[in-house]
Amino acid sequence: MGGFISFMENRMMPIAGKMAEQKHLQAIRDGIILTLPLLIIGSLFLIIGFIPIPGYDEFMSGVFGEKWRTKLLYPVGATFDIMGLIVSFGVAYRLAEKYKVDPLSAGAISVASFLLATPYKVMFTPEGMSAAQEVGGVIPVTLMGSQGLFVAMILAILGTEIYRKIIQMKIVISMPPGVPPAVSRSFVALIPAGAVLIVVWLIRILLENTSFESIHNIVKDLLVGPLSVVGSSLIGAIICVLLIHILWAVGLHGAAIVGGIMSPIWLTLMDQNRAAFQANPNGELPNVVTTQFFDMWIYAGGSGATLALVVLMVFMARSKQMKNIGRLSIGPGLFNINEPVIFGMPIVMNPLLIIPFVFTPVILVIISYFAMSLGWVAKPSGVSVPWTTPLFVSGYLATGGKVSGMVLQAVNFLISLAIYYPFFRLWDKQKVSEEKAGTASDTAVTM
């Protein structure tokens, strides 16, 4: 184990540290976070629209009319269906901040680039006809949502890089000192904005003369498709969880590093489930692995499923130190915040506790994946439940009101208790011995 820790410190930590500081990954992570409040609000309306209570639909229809659900779900479309647009602005804004150039201009240019790269056409089947007709002059809503996430991120990074290069080269229109700052910034952004839009326009013209037809198609076929297959698979989920917890074990925020890469995939898979659930709450959902799969069923108490460890410390620890850490950690742990345990116990660089911390989530991924794949437990419905939602409440909401989601959480918690218990006992015993030795030493000094 000492060799493993040495390898992690000397080889893995420098690489992971550079990844954690990488500007583009940070911008993607922070840009996606910008969508979370909107998705949570949209999810609240989605939950209200499909409350699983007998007679609920009839009651709502009687009070609000037959089209009550359609009107209630308006905010769902206004939040989930513009995910790509928000990410386009957010990623560019955060990246421009890191380069210390005007982030508002970068965000606006990014949104314009995203729309410029998107074909304004949709396929529509008129009533009474079997063949779909192409309708022009219409912004395709599907490409503004999760399906456009990767294009939004790519163009946000490309546009911001061009924008900041031109700004730093001072190829800008400078206004006299008396001009208001907002007006001055607008003119400074004029030449960079023109350059970005011309580049994106040329890319679109070029791709329209290929079999791909648009950047959305090329990204979907060459990037999103393969990554979605990997990201939605059991093997992919296991690899991601292993990487996250190995990075945490050496003191790095593994969820932020790996999440910066995988969050777009998991959000896309989540939105696919949301669309299927919205169309038919009792139908089969396409994906097991989504953002909620990890947050609600794997990370009870935070990364490493440490709520079980905290409960053991509170109720079974004989060491005063463990007892105190447990009492301090139980409050945050109920809301899936576990930095007090990771750094206070500590788990970081602890050869004994690293073992259950890394492998407990892997085992929970395997159990949860098969339970959902075999139909024993409902899959995540696509409702964006906040990751701080306590256990059992989160399982119920994330499955669209299915009790099986709560049952799986209870099973996973018991499994986590069983895995952590022997390692906890050894660590607690060691701490008790240290405390007794310290007490004996203090007594000898006093005498």
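Residues numbered from 1 in each chain as written. Predicted model: local features only at pLDDT ≥ 70, side-chain atom pairs only at ≥ 80, totals over all residues. Heavy atoms only, no water.

The name an unreviewed UniProt entry assigns to the protein is Permease IIC component, from the organism Brevibacillus formosus. The Function (unreviewed entry) field of the UniProt record for the protein holds the comment "The phosphoenolpyruvate-dependent sugar phosphotransferase system (PTS), a major carbohydrate active -transport system, catalyzes the phosphorylation of incoming sugar substrates concomitant with their translocation across the cell membrane." UniProt lists a comment for the protein under the heading Subcellular location (unreviewed entry), and it reads "Cell membrane". (UniProt positions renumbered as here; feature names shortened; annotations may be inferred.)

1. A look at the overall build of the protein
When helices and strands are counted, the protein shows 22 helices and two strands. Projected onto its principal axes, the C-alpha positions of the protein cover 85 × 65 × 45 Å. Burial statistics for the protein: of 447 residues in total, 45% are counted as buried. The long-range fraction of contacts in the protein, counting pairs at least 24 apart against all pairs at least 6 apart in sequence, stands at 72%. When the accessible area of the protein is evaluated, it comes to approximately 21,300 Å², of which 69% is carbon and sulfur surface. Considering the protein, the positive charge centre built from 28 side chains and the negative charge centre built from 23 side chains are found 8 Å apart. (Helix = DSSP H or I, 4+ residues; strand = E, 2+ residues; numbered from the N terminus. Buried < 20%, exposed > 50% of the residue type's maximum accessible area, 1.4 Å probe, protein only. Contact = heavy atoms within 4.5 Å. Areas by Shrake-Rupley, 256 points an atom, 1.4 Å probe, with all protein chains shown as cover. Lys, Arg positive; Asp, Glu negative; His and termini not counted. Charge placed at Lys NZ, Arg CZ, Asp CG, Glu CD.)

2. Topic: the side chain of Asn-412
Assignment of secondary structure puts Asn-412 in helix 22 (residues 403-446). Overall, Asn-412 belongs to the buried group, its relative accessible area being 2%. Excluding residues that lie within four positions of it along the chain, Asn-412 makes contacts with Trp-297, Leu-364, Ile-367 and Ser-368.

3. Some words on helix 18 (residues 320-334)
With 15 residues, helix 18 should reach 21 Å at 1.5 Å per residue; the first-to-last C-alpha distance of 21 Å fits that figure. Leu-328 marks the point of greatest bend in helix 18, at about 30°, and the proline Pro-332 comes within the next four residues. For helix 18, the full list of buried residues reads Met-322, Ile-325, Gly-326, Ser-329 and Gly-333. Near the N-terminus of helix 18, the side chain that reaches the backbone nitrogen of Gln-321, with its oxygen 3.2 Å away, is that of Ser-319. (Expected span 1.5 Å × (residues − 1). Bend = angle between axes of the 7 residues up to and from the residue. Polar contact = N/O pair within 3.5 Å; in protein donor to acceptor, adjacent residues only side chain to side chain.)

4. Brief notes about the pattern of salt bridges
Under the defined criterion, the tally for this structure stands at nine salt bridges. Arg-274 is paired through a salt bridge with Asp-271; the nearest N and O atoms lie 2.9 Å apart. Within this pair, Arg-274 and its partner Asp-271 are both found in helix 15 (residues 254-279), separated by three residues, close to a single helical turn. The class for Arg-274 is buried, based on a relative accessible area of 6%. (Salt bridge = Lys/Arg side-chain N within 4 Å of Asp/Glu carboxyl O.)

5. Re helix 15
Over its 26 residues, helix 15 extends 35 Å from the first C-alpha to the last, a length consistent with the 38 Å expected when each residue adds 1.5 Å. Roughly 60° is the biggest bend found in helix 15, and it falls at Gly-260, with proline Pro-264 one to four residues downstream.

6. Notes on the packing of aromatic side chains
All told, the structure shown has eight aromatic pairs when counted by the stated rule. The interplanar angle of 45° and the centroid separation of 4.5 Å between the aromatic rings of Trp-266 and Phe-294 together place this pair among those described as tilted. Taken together, the residues span a long stretch of sequence, with Trp-266 in helix 15 and Phe-294 in helix 16 (residues 291-297) at a distance of 28 residues. By relative accessible area, Trp-266 is classed as buried at 7%. (Phe/Tyr/Trp six-rings, centres within 6.5 Å; stacked < 30°, edge-to-face > 60°.)

7. Brief notes about a nonpolar patch on the surface
Judged by side-chain polarity, Met-169, Ile-171, Ile-173, Val-183, Phe-187, Leu-190 and Ile-191 come together as a nonpolar surface patch covering roughly 570 Å² of accessible area. Broken down by secondary-structure element, the contributors of at least two residues to the nonpolar patch are helix 11 (181-188) and helix 12 (190-208). By the element assignment, Val-183 lies in helix 11. Accessibility expressed as a relative area gives 36% for Val-183, which makes it partly exposed. (Patch = residues over 30% accessible without salt bridge, like charges linked within 9 Å, V, L, I, M, F, W, Y side chains within 5 Å.)

8. Considering the nonpolar core
One finds Phe-293, Phe-294, Met-313 and Val-365 to be the most contacted residues of the largest nonpolar core, which totals 110 residues. Look past the residues within four positions of Phe-293 in its chain and what remains in contact with it is Val-288, Ile-298, Val-365, Ser-368, Tyr-369, Met-372 and Pro-380. (Core = buried A, V, L, I, M, F, W, Y, C linked by side-chain atoms within 4.5 Å.)

9. As for unusual backbone geometry
Geometrically, the link from Met-345 to Pro-346 is a cis peptide bond, its omega value of -15° lying close to zero. Relative to the helices and strands, Pro-346 resides in the loop between helix 19 (339-344) and helix 20 (351-373). The phi angle at Met-349 is positive, at roughly 60°, despite the residue not being glycine.

10. Thoughts on the packing of helix 8 (residues 103-116) against helix 10 (residues 149-168)
Two elements in contact, helix 8 and helix 10, have axes separated by 9 Å at closest approach and are oriented at 130°. Comparing the axis directions of helix 8 and helix 10 gives the class oblique. Here helix 8 runs over helix 10; the crossing is right-handed. Contact residues: helix 8 offers Ser-105, Ala-106, Ile-109, Ser-110, Ser-113 and Phe-114, while helix 10 offers Val-151, Ala-152, Leu-155, Ala-156, Thr-160 and Tyr-163. For the contact of helix 8 with helix 10, the class distribution of residues is eight nonpolar, four polar and no charged. (Axes fitted to C-alpha atoms, helices over the stretch in contact; angles between N-to-C directions. Parallel < 35°, antiparallel > 145°, perpendicular 65-115°, else oblique. Left-handed = near helix turned anticlockwise from the far one by under 90°. Nonpolar A, V, L, I, M, F, W, Y, C, P; charged D, E, K, R; others polar.)

11. Examining the packing of helix 10 against helix 15
Running from amino to carboxyl end, helix 10 crosses helix 15 at an angle of 150°, the nearest separation of the two axes being 10 Å. It follows from the interaxial angle that helix 10 and helix 15 lie roughly antiparallel. The segment helix 10 lies against helix 15, with Leu-149, Phe-150 and Met-153 engaging Pro-264, Ile-265, Leu-267 and Thr-268. Considering only residue class, the contact of helix 10 with helix 15 consists of six nonpolar, one polar and no charged.

12. Here we look at the environment of Ala-275
On the secondary structure map, Ala-275 appears in helix 15. Placed 87 residues apart in sequence, Ala-275 and Val-362 show a C-alpha to C-alpha distance of 28 Å.

13. Some words on the side chain of Asn-338
By secondary structure assignment, the location of Asn-338 is in the loop between helix 18 and helix 19. A distance of 2.7 Å separates the side chain of Asn-338 from the backbone oxygen of Ser-303, its partner in a polar contact. Beyond its immediate stretch of four places on either side in the chain, Asn-338 contacts Gly-301, Gly-302, Ser-303 and Thr-306.

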